[in-house]
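Each chain, letter by letter, is given below.
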Amino acid sequence: MKASQEVLLIRLSEMKDAGCLMELDHLVWDRNTAPEPLVWTSREQYLLHCPPGSQLVAFTGDVLCGYVGFRSPSGLASQRHVKELNIAVHPSYRRQGIGRQLIEAAWHMARREGVAKLRLRVLSCNPGVLAFYQACGFQEEGRLSREFEVDGRFVDEIWMCLFV
């Protein structure tokens, strides 16, 4: 059964989610979605970088379908109104509205917390995801041309934002 036909539970991440979140990162973050594949060397390393409560996770039953991580871009008080997002949806659950629901949940959480701006980064070699973010209301805010060399080709890093 597809996740869109089942109840999708979105909640803050918990310590018990670390293992399945690490597995999802391994599936999702490759040369087309990140400058380099994401590899966690240990659960402890993962939890230092992604502590419980730093992501909204989407589950259907006991299956992790996706997450949206959020963090402050810096420790500056003058930037506390901004959250940087990273979004991952399990390949088996894509094109079912889960990414959109996660973005909407992050937007509502940001609004409750007084956050004024959500931002994210996407590689230019990932036009499908770029179009998805645009459909969710994100706008290109800037572009770092030829920022990365991925598999022998130069790739732009596109900065996008959504105002809350």
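1. Observations regarding the sheet that holds strand S4 (residues 82-89)
Working step 1: With respect to topology, 7 strands assemble into an open sheet ordered S1-S2-S3-S4-S5-S7-S6, the strand pairing being mixed. Each edge of the sheet is formed by a strand with only one pairing partner; in this case those strands are strand S1 (9-12) and strand S6 (139-150). The sheet shows a mean angle of 25° between the axes of neighbouring strands, direction not considered.
Working step 2: Inspection of the sheet shows S6 paired to strand S7 (residues 153-163) by 8 bridges, in the antiparallel sense. Counted as the bridge partner of Gln-139 is Cys-161 from S7.
Working step 3: On top of the sheet, helix H1 (residues 18-28) reaches strand S2 (55-60), strand S3 (63-71) and S4; it is set at about 85° to S3, its chief contact.
Working step 4: In the packing of helix H3 (residues 98-112) onto the sheet, contacts are made with S1, S2, S3, S4, strand S5 (117-123) and S7, and the angle to S2 comes to roughly 140°.

Conventions adopted
- Residues numbered from 1 in each chain as written.
- Predicted model: local features only at pLDDT ≥ 70, side-chain atom pairs only at ≥ 80, totals over all residues.
- Heavy atoms only, no water.
- Pairing = 2+ DSSP bridges.
- Helix = DSSP H or I, 4+ residues; strand = E, 2+ residues; numbered from the N terminus.
- Axes fitted to C-alpha atoms, helices over the stretch in contact; angles between N-to-C directions.
- Contact = heavy atoms within 4.5 Å.

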